[in-house]
Each structure stands twice: as structure tokens, then as C-alpha cells.
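# Descriptive analysis of the structure
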Amino acid sequence: MQYSVSFTHEVLTVIAWIVMLLLGYREMLKYDKLYEEFDYEGEEAYFFYKPRSFWYRMLIFTMLFCTFGCVGGDFLHNQVIYDLNVQSDHPIHFENVYVLLIKGLPTNYYLWRFCVWGLAAFLLFKILDEIKSDLDFSFFVFTLMLLNHFPNLRQTLGFMMMFYGYVLLFRSAEDAMAQKLVMGIILLIISTFFHSTIFVFIIISLLLFIPGTKSLAMIIVSIIAFPFLYDMTKELSTQFIGMVSNNDMMQEKATKYIESSFRVELNIRGFLKIIINRLPVLMLFFYGIKKILIEKVEASYMEKHLLMLTYMLFYISCLFFNNNVSAYLSQRFWDAACYPLTIFAMIFLRNYSGSLYVKITLYAFLVSNIFNMAYSLYTIDNFNANANSF
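Residues numbered from 1 in each chain as written. Predicted model: local features only at pLDDT ≥ 70, side-chain atom pairs only at ≥ 80, totals over all residues. Heavy atoms only, no water.

## Let's talk about the overall build of the chain
Helix and strand counts for the chain come out as 18 helices and 0 strands. Going through the 390 residues of the chain one by one, you find that 50% of them count as buried. Counted over contacts in the chain with a minimum sequence separation of 6, partners at least 24 positions apart contribute 80%. Of the roughly 19,200 Å² that the chain leaves accessible, carbon and sulfur atoms contribute 66%. (Helix = DSSP H or I, 4+ residues; strand = E, 2+ residues; numbered from the N terminus. Buried < 20%, exposed > 50% of the residue type's maximum accessible area, 1.4 Å probe, protein only. Contact = heavy atoms within 4.5 Å. Areas by Shrake-Rupley, 256 points an atom, 1.4 Å probe, with all protein chains shown as cover.)

Listed below in C-alpha cells is the structure:
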């Protein structure tokens, strides 16, 4: 069977993304004007004038985009593996929970995607509810920063469960609610069943509860240590996997990931793509570091945790970059870092959205998205060919 995405499908995906971005931007401008018109103070002023219908509309649009939008190579790769699991009596590549869904639902790839990424979108919006984020601004930021990664990675559902669990834990400490504490712990445990790497990300995140790990001094020390750790990355990774792997299958998969022969030879076009994609991410990250760790502006424990988790994942991505390991690893950790950074931006940036630097950063994200969409249209034949050679 030949798998392919049509040029029309790609174009419709681009159009849908533009429509969602414009909807978020329109709502943001609309309620900014209301906020200025009425003399209210605090976050309640925003929520008072935002009808719940906007929440539902954006959720539905996001779920549909995640179901049908083709934003990367994993769209077809997942379809190939989906069909293999439909025909097989044993799980192939997917975690057991996804295979159970495949077997339990009517055979339809898009229905399966709707259940997996639709639930991830729902959990994202529950996170926004829990952190009392400005829905219009948050949706606009999400569309710029994460929407083109969100329906591409199978880890997304596990990430959303993990971060919703963490948000409930943070909120339980603030509100002294045992129910949120229990629910947060349960979600963290369940999230590990949705991708084998989630357990590793939870371990990394838990390390940040150690005093002193959310400081500028920790960043400086880690940068000094980088050249020494870079040379030992493969050995340290293998030892880490041996310590944290909760079963032989997980350890075997992780070891194969590290020792895979997949490499990427970067040319000028490859470096240009990396710069365009990563520059706005780094601009936003350094802005957060500058504000919170250097200028010491007021920020919640959760905001600091999300920012430093982003740094940890960036750091590990750099350790794997162009090192003697599979090229997948660096990109996967970089993609993972974009999730906590986006949630951080949804909370923190609202108070600084008028800053010239923040506006330039958001424009840089816009340029990055336009470049990626144009690139996907230009390389659609290679995209289809790679899916059929999977």
C-alpha cells in the first residue's frame, strides 16, 4: 500500500493554521479593548468578559486540526504503524494503550487520531483553566509556538497528562487541596504508559525540586561542565537508562535509540532551517531567564519550574547534538523542551506582551512557521517517499 499526503491536504493544513492564528489574534485584540475600556484590576477582569463559548470554539478547532492537519513526517509514519497494528495480533512500535485503542475503536486512522490528540488538546485547555491563563492570549501563543509540533509527536498525550499532573500538584500546594494532589500524582503515573520516554522526563523534572536547581548559579556551573559532559554523553546515557528503566523492553528500546546508526549531515540549508526554527525559541527562553533569574521579577514556583525544565531539556538536546549517538535524540529533546516553554509563555508573557522584545520574538515565531509551511509544501514528494520507506 502506498501512503501519501496530497498537495491540497498540505495547503488546507496551512490555511487552517492561519485561520486559527487570526481567530486568536482577533479575540486578543477584542478583549484588550474591553480591558482598557473598563477600570478593572487583576486577572478577573479578563475572565469576566470572555464567554465560555470562545473556550469551546478554540478547543474544537484545535481537536480538528490535530486530527486532520498534516504538519510533519510522523503523520504518515503513524498511519503506516496504525495499519500494521490493525493487522497484527501483537503491538508494533506503539505503546500498549494506543494499540488497545486501535483494537477497540472502529478501524479508522482519523478516528484514532481524534481520540489520541483530541484528548491531548482537551488536557491542554484544562491546564489553561487550572492556571487561570488568559485564554485568547494563550491560544495565540500556543498557535505560534506549539501547534505545528502538537499533532506530530506521539508523546503529546503523555506530555499533556504529565504537565496537567504537575499543574495540579502546584495548585494543590497553593490551594491546600488534597484532591488535586492525589489527582496530580495519578496523572503523573498514568502518563508513563503513553510513551516510554515520559518516565525519563518525569525524572528530569523531579530533579528540579532539589534546592538550588532553579538558580542562575546552576546554569553557570552546567555551562562550565558542558565540554566534559559532552565527551561522556553516550556512556552516561547508557548508565542512566540502566538505572531508571522500569522494564527490560523499555531499556532495550532506549538503548537502540542511542546506538541507532541514524545520523544527519548538515548542509547550509540544514543549518539555516535550524537557525530559523530555534532562534525564536532561544529568544523567548533568554527573555525568561533575564526577567526571572537576573532582574528577579515576581514569578510563581510553577513558572520557575517550567523555565528551568526547559533549560534542562535544551541542555540535554545540546549534549546529543552532532555527538556519536542517534540524531533523533537531540531533536526529540528539543521538541520536548518546547512544551514547558509554551506553558511558561502562556502564563508569564501576558504581563509583558506590550514589550518590543516580546513582539519581535512573536514575529520571529511567525517567520519560523511560515518557513516550515513553505518548506513542507516544497518537499512534499520527499515527505511521501520517506513514509513509504519506513
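## As for the packing of helix 11 (residues 216–231) against helix 15 (residues 301–320)
At a minimum axis distance of 11 Å, the contact between helix 11 and helix 15 shows a crossing angle of 15°. Considering the angle they form, helix 11 stands roughly parallel to helix 15. Between helix 11 and helix 15 lies a crossing of right-handed hand. Across from Met218, Ile219, Ser222, Ile223, Ala225, Phe226, Leu229 and Tyr230 in helix 11, the residues of helix 15 making contact are Met308, Tyr311, Met312, Tyr315, Cys318 and Leu319. Residues belonging to the contact of helix 11 with helix 15 are distributed by class as follows: 13 nonpolar, 1 polar and no charged. (Axes fitted to C-alpha atoms, helices over the stretch in contact; angles between N-to-C directions. Parallel < 35°, antiparallel > 145°, perpendicular 65-115°, else oblique. Left-handed = near helix turned anticlockwise from the far one by under 90°. Nonpolar A, V, L, I, M, F, W, Y, C, P; charged D, E, K, R; others polar.)

## With respect to unusual backbone geometry
Within the chain, His93 stands out as a residue other than glycine whose phi angle is a positive 70°. Relative to the assigned elements, His93 resides in the loop between helix 4 (74–87) and helix 5 (96–104). Not every positive phi belongs to a glycine, and Lys296 is a case in point at roughly 60°. Within the secondary structure layout, Lys296 lies in the loop between helix 14 (268–294) and helix 15.

## Some thoughts on the pattern of salt bridges
Within this structure, the stated rule accounts for 5 salt bridges. In this structure, the salt-bridge partner of Glu295 is Lys290, at a minimum N-O distance of 2.4 Å. Its relative accessible area of 38% is what places Glu295 among the partly exposed residues. Residue classification places Lys290 among the partly exposed residues on the basis of a relative accessible area of 37%. Residue Lys291 pairs with Glu295 through a salt bridge whose shortest N-O separation is 3.3 Å. (Salt bridge = Lys/Arg side-chain N within 4 Å of Asp/Glu carboxyl O.)

## Brief notes about the nonpolar core
Judged by nonpolar contacts, the single largest core of 108 residues is most densely connected at Trp112, Phe150, Phe159, Met160, Met162 and Phe163. Excluding its chain neighbours within four sequence positions, the residues that come into contact with Met160 are Ala120, Leu123, Leu124, Ile127, Phe150 and Tyr339. (Core = buried A, V, L, I, M, F, W, Y, C linked by side-chain atoms within 4.5 Å.)

## Quick look at a nonpolar patch on the surface
The grouping of Leu181, Val182, Met183, Ile185, Ile186, Ile189, Ile190 and Phe193 at the surface amounts to a nonpolar patch, some 710 Å² of accessible area in total. Following the sequence through the fold, Ile185 ends up in helix 9 (residues 178–191). (Patch = residues over 30% accessible without salt bridge, like charges linked within 9 Å, V, L, I, M, F, W, Y side chains within 5 Å.)

## Details of the packing of aromatic side chains
Following the criterion strictly, the structure yields 38 aromatic pairs and no others. Cluster of aromatic residues (ring-pair linked, three or more members): Phe68, Phe75, Tyr82, Phe94, Tyr98, Tyr109, Tyr110, Trp112, Trp117 and Phe194. In this structure, Arg278 packs its charged tip against the face of Trp334, placed 4.2 Å from the ring centre. (Phe/Tyr/Trp six-rings, centres within 6.5 Å; stacked < 30°, edge-to-face > 60°. Lys NZ or Arg CZ within 6 Å of the ring centre and 35° of its normal.)

## Overview of the packing of helix 7 (residues 135–145) against helix 17 (residues 356–378)
Pairs of packed helices are described in terms of their axes, by the angle between the two and the distance that separates them. At their nearest, the axes of helix 7 and helix 17 sit 9 Å apart, and the two run at 45° to each other. One way to sum up the angle between helix 7 and helix 17 is to call them oblique. When helix 7 is examined against helix 17, the residues Phe140, Leu144 and Met145 are found in contact with a partner set consisting of Leu362, Phe365, Leu366 and Asn369. Broken down by class, the residue content of the contact of helix 7 with helix 17 amounts to 6 nonpolar, 1 polar and no charged.

## Some points on helix 17
Spanning 23 residues, helix 17 covers 33 Å between terminal C-alpha atoms, matching the ideal 33 Å at 1.5 Å per step. Of the residues making up helix 17, those classed as buried are Val358, Thr361, Leu362, Ala364, Phe365, Ser368, Asn369 and Met373. Where helix 17 begins, the side chain of Ser355 points an oxygen toward the backbone nitrogen of Tyr357, at a separation of 3.3 Å. (Expected span 1.5 Å × (residues − 1). Polar contact = N/O pair within 3.5 Å; in protein donor to acceptor, adjacent residues only side chain to side chain.)

## A short note on the confidence of the model for the chain
Mean pLDDT for the chain: 80, with 79% of residues reaching 70 or above. Per-element averaging of pLDDT across the chain places helix 2 (residues 44–48) at the bottom with 42 and helix 6 (residues 109–130) at the top with 92. (pLDDT = per-residue confidence, 0-100.)

## Quick look at the side chain of Ser88
Among the structural elements, Ser88 can be located in the loop between helix 4 and helix 5. Of the polar contacts made by the side chain of Ser88, one reaches the backbone oxygen of His90; its length is 2.8 Å.

## Details of the environment of Leu21
Looking at the secondary structure, you find Leu21 in helix 1 (residues 7–37). Judged by relative accessible area, which is 10%, Leu21 ranks as buried. For the pair Leu21 and Phe142, spaced 121 residues apart in sequence, the C-alpha to C-alpha distance is 9.1 Å. If we ignore the near neighbours within four places in the chain, the residues touching Leu21 are Phe140, Thr143, Leu144 and Leu366.

## Considerations on helix 6
With 22 residues, helix 6 extends 31 Å between its outermost C-alpha atoms, agreeing within 8% with the 32 Å of an ideal straight helix rising 1.5 Å per residue. Where helix 6 begins, the side chain of Asn108 points an oxygen toward the backbone nitrogen of Tyr110, at a separation of 2.9 Å. Trailing helix 6 by a residue or two, Lys132 shows a phi angle of about 55°, which is positive.

## Re the side chain of His9
Inspection of the secondary structure puts His9 in helix 1. Judged by its relative accessible area of 18%, His9 falls in the buried class. Among the polar contacts made by the side chain of His9, one reaches the main-chain carbonyl oxygen of Phe68 at a distance of 2.6 Å. The contacts of His9, once residues within four sequence positions are left out, are Phe68, Cys70, Phe75 and Tyr110.

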